[in-house]
Amino acid sequence: MGINDNMKIIVLGDRKGKFKAETSEDSLFPTGHESWAYAMGSDYCNILSISSKAIARYDIVLANLDYVNSKYLSTLDKLSSNRNSNTIWISLIEGDTEMYLKPNPIINNILQSSNLVICINKHSVGFFQAMTNAKVVYIGVPYPVEAVKKFRIPFDKRQKRTFICSNLLSRCNDYFVAKELGLPYYGFEKRVHRTIKNI
(Lines give C-alpha, C1' and ligand atoms only; values in the text may rest on other atoms or scores of the structure.)
Protein backbone atom coordinates (compact mmCIF):
# COMPACT_ATOMS: atom_id res chain seq x y z
CA MET A 1 0.00 0.00 0.00
CA GLY A 2 1.90 3.05 -1.24
CA ILE A 3 0.86 6.62 -0.43
CA ASN A 4 1.84 9.60 -2.53
CA ASP A 5 1.19 13.37 -2.54
CA ASN A 6 -1.43 13.13 -5.29
CA MET A 7 -3.77 10.92 -3.29
CA LYS A 8 -7.00 12.41 -1.94
CA ILE A 9 -7.36 11.65 1.76
CA ILE A 10 -10.21 12.20 4.20
CA VAL A 11 -10.32 11.75 7.98
CA LEU A 12 -13.64 10.78 9.58
CA GLY A 13 -14.48 11.47 13.22
CA ASP A 14 -17.05 12.92 15.62
CA ARG A 15 -16.16 16.61 15.26
CA LYS A 16 -19.09 18.45 13.67
CA GLY A 17 -18.97 19.62 10.08
CA LYS A 18 -16.37 19.42 7.34
CA PHE A 19 -13.14 21.30 6.73
CA LYS A 20 -9.94 21.32 4.71
CA ALA A 21 -7.03 20.91 7.10
CA GLU A 22 -4.81 23.57 5.53
CA THR A 23 -7.48 26.28 5.72
CA SER A 24 -8.90 25.64 9.19
CA GLU A 25 -8.28 28.46 11.66
CA ASP A 26 -7.30 26.13 14.51
CA SER A 27 -4.78 24.19 12.44
CA LEU A 28 -1.86 25.23 14.65
CA PHE A 29 -2.98 23.23 17.66
CA PRO A 30 -4.94 20.17 16.61
CA THR A 31 -5.85 17.60 19.22
CA GLY A 32 -6.90 14.00 18.89
CA HIS A 33 -7.79 12.44 15.59
CA GLU A 34 -8.06 15.82 13.81
CA SER A 35 -4.26 16.05 13.95
CA TRP A 36 -4.08 13.33 11.28
CA ALA A 37 -5.95 15.63 8.88
CA TYR A 38 -3.54 18.50 9.55
CA ALA A 39 -0.47 16.26 9.27
CA MET A 40 -1.59 14.99 5.86
CA GLY A 41 -3.20 18.21 4.59
CA SER A 42 -6.39 16.26 4.01
CA ASP A 43 -10.13 16.84 4.28
CA TYR A 44 -12.06 16.17 7.47
CA CYS A 45 -15.72 15.21 7.86
CA ASN A 46 -18.08 14.10 10.60
CA ILE A 47 -18.89 10.40 10.28
CA LEU A 48 -22.63 11.06 10.03
CA SER A 49 -22.24 13.78 7.38
CA ILE A 50 -20.70 11.81 4.52
CA SER A 51 -22.16 9.44 1.94
CA SER A 52 -20.73 6.43 0.11
CA LYS A 53 -20.83 8.55 -3.06
CA ALA A 54 -18.60 11.18 -1.40
CA ILE A 55 -16.24 8.47 -0.06
CA ALA A 56 -15.74 7.26 -3.63
CA ARG A 57 -13.91 10.52 -4.46
CA TYR A 58 -11.10 9.66 -2.03
CA ASP A 59 -8.13 7.33 -2.39
CA ILE A 60 -7.69 6.91 1.38
CA VAL A 61 -10.19 7.05 4.23
CA LEU A 62 -8.83 7.29 7.79
CA ALA A 63 -11.75 6.55 10.12
CA ASN A 64 -11.62 7.08 13.87
CA LEU A 65 -13.16 3.99 15.43
CA ASP A 66 -13.39 5.34 18.97
CA TYR A 67 -17.14 5.58 19.08
CA VAL A 68 -18.70 2.46 20.52
CA ASN A 69 -22.00 4.07 19.60
CA SER A 70 -24.44 2.25 17.36
CA LYS A 71 -25.17 5.22 15.08
CA TYR A 72 -21.49 5.97 14.37
CA LEU A 73 -20.47 2.33 14.09
CA SER A 74 -23.29 1.29 11.77
CA THR A 75 -22.50 4.28 9.51
CA LEU A 76 -18.78 3.39 9.42
CA ASP A 77 -19.64 -0.24 8.73
CA LYS A 78 -21.85 0.75 5.79
CA LEU A 79 -19.27 3.19 4.38
CA SER A 80 -16.44 0.71 4.73
CA SER A 81 -18.37 -2.22 3.25
CA ASN A 82 -19.74 -0.24 0.28
CA ARG A 83 -16.56 1.58 -0.72
CA ASN A 84 -14.86 1.12 -4.10
CA SER A 85 -12.29 -1.66 -4.19
CA ASN A 86 -9.53 0.87 -4.95
CA THR A 87 -10.31 3.03 -1.87
CA ILE A 88 -7.90 2.27 0.99
CA TRP A 89 -9.67 2.12 4.36
CA ILE A 90 -7.59 2.75 7.49
CA SER A 91 -9.23 2.31 10.89
CA LEU A 92 -7.77 4.37 13.73
CA ILE A 93 -7.95 3.06 17.29
CA GLU A 94 -7.24 6.10 19.41
CA GLY A 95 -8.85 5.45 22.78
CA ASP A 96 -9.06 2.94 25.56
CA THR A 97 -8.74 -0.75 24.61
CA GLU A 98 -11.27 -1.57 27.33
CA MET A 99 -14.03 -0.25 25.05
CA TYR A 100 -13.31 -3.11 22.65
CA LEU A 101 -13.26 -6.00 25.14
CA LYS A 102 -16.97 -6.74 24.78
CA PRO A 103 -17.50 -8.59 21.46
CA ASN A 104 -19.16 -6.37 18.88
CA PRO A 105 -19.88 -7.81 15.39
CA ILE A 106 -20.03 -4.32 13.81
CA ILE A 107 -16.54 -3.44 15.06
CA ASN A 108 -15.31 -6.82 13.83
CA ASN A 109 -16.79 -6.14 10.38
CA ILE A 110 -15.10 -2.74 10.16
CA LEU A 111 -11.73 -4.12 11.27
CA GLN A 112 -11.98 -7.05 8.83
CA SER A 113 -12.86 -4.78 5.92
CA SER A 114 -9.95 -2.42 6.70
CA ASN A 115 -6.75 -2.39 4.66
CA LEU A 116 -4.82 -1.22 7.72
CA VAL A 117 -5.53 -0.64 11.42
CA ILE A 118 -3.55 1.98 13.37
CA CYS A 119 -3.51 1.99 17.15
CA ILE A 120 -1.74 4.61 19.25
CA ASN A 121 -0.96 2.21 22.11
CA LYS A 122 1.85 -0.19 21.14
CA HIS A 123 0.80 -2.61 23.89
CA SER A 124 -2.59 -3.19 22.25
CA VAL A 125 -1.31 -4.14 18.76
CA GLY A 126 -1.52 -7.88 19.48
CA PHE A 127 -5.05 -7.58 20.85
CA PHE A 128 -6.35 -5.85 17.73
CA GLN A 129 -4.33 -8.10 15.41
CA ALA A 130 -6.24 -11.06 16.88
CA MET A 131 -9.50 -9.40 15.74
CA THR A 132 -8.62 -8.88 12.07
CA ASN A 133 -6.70 -10.20 9.09
CA ALA A 134 -5.73 -6.62 8.20
CA LYS A 135 -2.28 -5.47 9.29
CA VAL A 136 -2.30 -3.68 12.67
CA VAL A 137 0.48 -1.18 13.37
CA TYR A 138 1.45 1.18 16.17
CA ILE A 139 1.77 4.82 15.07
CA GLY A 140 1.59 7.70 17.54
CA VAL A 141 -0.68 10.70 17.02
CA PRO A 142 0.95 13.43 14.87
CA TYR A 143 2.01 16.30 17.11
CA PRO A 144 2.26 19.99 16.05
CA VAL A 145 5.91 20.42 17.09
CA GLU A 146 6.60 23.59 15.08
CA ALA A 147 3.55 25.42 16.41
CA VAL A 148 4.23 24.45 20.02
CA LYS A 149 7.97 25.29 19.94
CA LYS A 150 7.37 28.99 20.57
CA PHE A 151 5.92 28.19 24.00
CA ARG A 152 8.86 26.18 25.27
CA ILE A 153 10.72 27.37 28.36
CA PRO A 154 14.47 26.73 28.80
CA PHE A 155 15.14 23.90 31.27
CA ASP A 156 16.92 26.17 33.76
CA LYS A 157 13.85 28.46 33.96
CA ARG A 158 11.25 25.73 34.39
CA GLN A 159 9.51 25.11 37.69
CA LYS A 160 10.40 21.74 39.17
CA ARG A 161 6.90 20.40 39.70
CA THR A 162 4.57 17.83 38.17
CA PHE A 163 1.16 18.52 36.66
CA ILE A 164 -1.31 15.62 36.81
CA CYS A 165 -3.47 15.91 33.68
CA SER A 166 -6.18 13.39 34.44
CA ASN A 167 -9.15 13.85 36.74
CA LEU A 168 -7.77 12.85 40.14
CA LEU A 169 -11.01 11.33 41.40
CA SER A 170 -11.21 8.90 38.46
CA ARG A 171 -7.54 7.92 37.97
CA CYS A 172 -5.63 7.67 41.23
CA ASN A 173 -2.72 5.79 39.60
CA ASP A 174 -1.45 9.10 38.13
CA TYR A 175 -1.31 10.50 41.66
CA PHE A 176 0.71 7.49 42.87
CA VAL A 177 3.27 7.94 40.08
CA ALA A 178 3.60 11.70 40.69
CA LYS A 179 4.09 11.12 44.41
CA GLU A 180 7.07 8.81 43.71
CA LEU A 181 8.89 11.51 41.72
CA GLY A 182 9.62 13.48 44.89
CA LEU A 183 8.57 16.77 43.27
CA PRO A 184 5.65 19.03 44.18
CA TYR A 185 2.61 18.00 42.15
CA TYR A 186 -0.75 19.52 41.35
CA GLY A 187 -3.84 18.85 39.29
CA PHE A 188 -7.45 19.82 38.86
CA GLU A 189 -10.80 18.20 39.39
CA LYS A 190 -14.23 19.16 38.11
CA ARG A 191 -16.10 21.41 40.52
CA VAL A 192 -18.75 19.57 42.49
CA HIS A 193 -22.07 21.41 42.57
CA ARG A 194 -24.15 20.55 45.60
CA THR A 195 -27.83 21.27 45.75
CA ILE A 196 -30.51 20.11 48.15
CA LYS A 197 -31.43 17.39 45.64
CA ASN A 198 -27.97 15.76 45.45
CA ILE A 199 -26.90 15.99 49.14
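Residues numbered from 1 in each chain as written. Predicted model: local features only at pLDDT ≥ 70, side-chain atom pairs only at ≥ 80, totals over all residues. Heavy atoms only, no water.

Some thoughts on helix α3 (residues 70-81)
A rise of 1.5 Å per residue sets the reference length of α3, with its twelve residues, at 16 Å; its end C-alpha atoms lie 16 Å apart and thus fit the reference within 8%. Of the residues making up α3, those classed as buried are Y72, L73, L76, D77, L79 and S80. Contact partners of the buried residues in α3: β1 (9-13), β3 (43-46), α2 (52-55), β4 (60-64), β5 (88-93) and α4 (105-113). (Helix = DSSP H or I, 4+ residues; strand = E, 2+ residues; numbered from the N terminus. Expected span 1.5 Å × (residues − 1). Buried < 20%, exposed > 50% of the residue type's maximum accessible area, 1.4 Å probe, protein only. Contact = heavy atoms within 4.5 Å.)

Notes on a nonpolar patch on the surface
On the surface, a cluster of nonpolar side chains totalling about 350 Å² of accessible area is made up of L168, Y175, F176 and Y185. Following the sequence through the fold, L168 ends up in the loop between β8 (162-164) and α7 (172-180). (Patch = residues over 30% accessible without salt bridge, like charges linked within 9 Å, V, L, I, M, F, W, Y side chains within 5 Å. Areas by Shrake-Rupley, 256 points an atom, 1.4 Å probe, with all protein chains shown as cover. Salt bridge = Lys/Arg side-chain N within 4 Å of Asp/Glu carboxyl O.)

Comments concerning the sheet that holds strand β6 (residues 116-119)
Strand pairing in a sheet relies on backbone hydrogen bonds, with the paired strands running either antiparallel or parallel. Judged by pairing direction, the sheet is mixed, and its seven strands sit side by side in the order β2-β3-β1-β4-β5-β6-β7 without closing on themselves. Looking at which strands have only one partner, the edges of the open sheet turn out to be β2 (18-20) and β7 (135-138). Across this sheet, the average inter-strand angle for adjacent strands is 20°, counted without regard to direction. In the sheet, β6 pairs with β7 via four bridges, with the strands oriented parallel. Among the inter-strand pairings, I118 is bridged to a residue of β7, identified as V137. Sheet strands in contact with α4 are β5 and β6, and its direction is about 130° off that of β5. (Pairing = 2+ DSSP bridges. Axes fitted to C-alpha atoms, helices over the stretch in contact; angles between N-to-C directions.)

What to know about the packing of α3 against α4
Look at α3 against α4: their axes get within 9 Å of each other, and the N-to-C directions meet at 30°. It follows that α3 is roughly parallel to α4 by the angle criterion. Between α3 and α4 lies a crossing of left-handed hand. Taking contact as the criterion, the partners of L73, S74, L76, D77 and S80 in α3 are, on α4, I106, I107, N109, I110 and S113. (Parallel < 35°, antiparallel > 145°, perpendicular 65-115°, else oblique. Left-handed = near helix turned anticlockwise from the far one by under 90°.)

Some words on the confidence of the model for the chain
The predicted model of the chain has a mean per-residue pLDDT of 85, with 87% of residues at 70 or higher. Within the chain, β7 carries the highest mean pLDDT (96), whereas helix α6 (residues 145-148) carries the lowest (73). (pLDDT = per-residue confidence, 0-100.)

A closer look at the side chain of T162
You can see T162 is positioned in strand β8. Setting aside its immediate chain neighbours within four residues, T162 contacts A178, L181, L183, P184, Y185 and Y186.

A word on the packing of aromatic side chains
By the definition in use, this model includes seven aromatic pairs. Pairing Y100 with F128 gives two aromatic rings, centres 5.2 Å apart and planes at 80°, and the pair type is edge-to-face. With Y100 in the loop between β5 and α4 and F128 in helix α5 (residues 125-129), this pair connects stretches of sequence that are 28 residues apart. The pair formed by Y100 and F128 is uniform in burial state, with each residue classed as buried. Summarising the aromatic geometry, the rings of F127 and F128 are spaced 5.0 Å apart at their centres and angled 80° between planes, so their arrangement reads as edge-to-face. (Phe/Tyr/Trp six-rings, centres within 6.5 Å; stacked < 30°, edge-to-face > 60°.)

Looking at the environment of I10
Within the secondary structure layout, I10 lies in strand β1. According to the relative accessible area criterion, I10 is buried, its value standing at 2%. Taking C-alpha positions, I10 is 9.7 Å from A21, a pair spaced eleven residues apart along the chain. Other than its neighbours up to four places away in sequence, I10 contacts S42, D43, Y44, C45, I50, Y58, I60, V61 and L62.

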